[in-house]
Amino acid sequence: QVQLVESGGGLVQAGGSLRLSCAASGRAFSRYAMGWFRQAPGKERKFVAAITWSGDNTNYADSVKGRFTISRDNAKNTVYLQMNSLKPEDTAVYYCAANFRGSHADYDPGDYDYWGQGTQVTVSS
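Residues numbered from 1 in each chain as written. Predicted model: local features only at pLDDT ≥ 70, side-chain atom pairs only at ≥ 80, totals over all residues. Heavy atoms only, no water.

Engineer: Please clarify how the overall build of the chain should be interpreted in this entry.
Structural biologist: Scanning the chain from N- to C-terminus turns up zero helices and eleven strands. The order of helices and strands in the chain, counted from the N terminus, is β-β-β-β-β-β-β-β-β-β-β. Since a compact globule built from 125 residues should have a radius of gyration of about 14 Å, the 13 Å found for the chain is in line with a globular shape. Along the longest, intermediate and shortest principal axes, the C-alpha atoms of the chain span 40 × 25 × 25 Å. Considering the chain as a whole, with its 125 residues, one finds that 44% of them fall into the buried category. Relative to all contacts within the chain whose residues are 6 or more apart in sequence, the contacts with residues 24 or more apart total 59%. Per element, the accessible surface of the chain, about 6,400 Å² overall, is 44% carbon and sulfur. Between the mean site of the 13 positive side-chain charges and the mean site of the 11 negative ones, the chain shows a separation of 4 Å. (Helix = DSSP H or I, 4+ residues; strand = E, 2+ residues; numbered from the N terminus. Rg over C-alpha atoms; globule rule 2.2 N^0.38 Å. Buried < 20%, exposed > 50% of the residue type's maximum accessible area, 1.4 Å probe, protein only. Contact = heavy atoms within 4.5 Å. Areas by Shrake-Rupley, 256 points an atom, 1.4 Å probe, with all protein chains shown as cover. Lys, Arg positive; Asp, Glu negative; His and termini not counted. Charge placed at Lys NZ, Arg CZ, Asp CG, Glu CD.)

Here you go:
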C-alpha cells in the first residue's frame, strides 16, 4: 500500500513558477514509477510527466516539454514537478500517481495503481 500526498499548488501569474511535491508513505516507494497528471474542470484527467523508479527515464506531455521537469528523491520518498513559464492553460488540479511497473514511465492513467488527492494550480493571465 502506498499513500501519496501532494503539496505546493497555489495561485501564480502567467510566466511564473511553482514546484509541486508528492510525499509517499511505504517502504516500496523506490520500486515504483511515478507520474503527474492534471485535470481541468469539466475535462478528463491528462498525463503531464512520469519518471521511472531509478530516475533514469522520464516522459513528458508535448504541452509541457521544455517547461516542466519531473524528478525524484528516493531517500525522501518524494517526487517533484518543477513548473516554469506557466500559462493559464496549465490551470488544473494536479495529481501524483504510483505505478507498480517501476521501469515504465507510462502516460496512461490506467497503468497507475495509487493516486493522491490532488493540489490545485491556478495560473492567472
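From this point, the discussion proceeds with the structure in view.
Engineer: For this particular structure, what's the right way to read the pattern of salt bridges?
Structural biologist: Side-chain pairs of opposite charge can arise where the charged atoms are in close proximity. Applying the stated criterion across every chain yields a total of five salt bridges. One salt bridge connects Asp111 with Arg101, and the closest N-O pair in it is separated by 3.8 Å. Residue Asp111 is located in the loop between strand 9 (92–99) and strand 10 (114–115), and its partner Arg101 is located in the loop between strand 9 and strand 10; the two are separated by ten residues in the primary sequence. A relative accessible area of 26% means that Asp111 is categorised as partly exposed. Three or more residues are tied together by salt bridges with common partners; here these are Arg38, Arg67 and Asp90. (Salt bridge = Lys/Arg side-chain N within 4 Å of Asp/Glu carboxyl O.)

Engineer: Would you mind showing me how to read the sheet that holds strand 3 (residues 18–24) here?
Structural biologist: Strand pairing in a sheet relies on backbone hydrogen bonds. The paired strands run either parallel or antiparallel. With antiparallel pairing, four strands are arranged side by side in an open sheet as 1-3-8-7. Of all strands in the sheet, those with a lone pairing partner are strand 1 (4–7) and strand 7 (68–73), marking the two edges. Between one strand axis and the next, the sheet turns through 15 degrees on average, direction left out of account. In terms of strand pairing, strand 3 meets strand 8 (residues 78–83) through six bridges, oriented antiparallel. (Pairing = 2+ DSSP bridges. Axes fitted to C-alpha atoms, helices over the stretch in contact; angles between N-to-C directions.)

Engineer: Honestly, the state of the cysteines in this entry has me stumped. Any pointers?
Structural biologist: If you walk through the whole model with that rule in mind, you get one disulfide. Residue Cys22 pairs covalently with Cys96 via a disulfide, S to S 1.9 Å. Across the S-S bond of Cys22 and Cys96 the torsion is about 45 degrees, and the bridge reads as right-handed. Here Cys22, found in strand 3, pairs with Cys96, found in strand 9; they are 74 residues apart in sequence, far enough to count as distant. An identical accessibility class is assigned to Cys22 and Cys96; each is buried. (Disulfide = S-S within 2.5 Å.)

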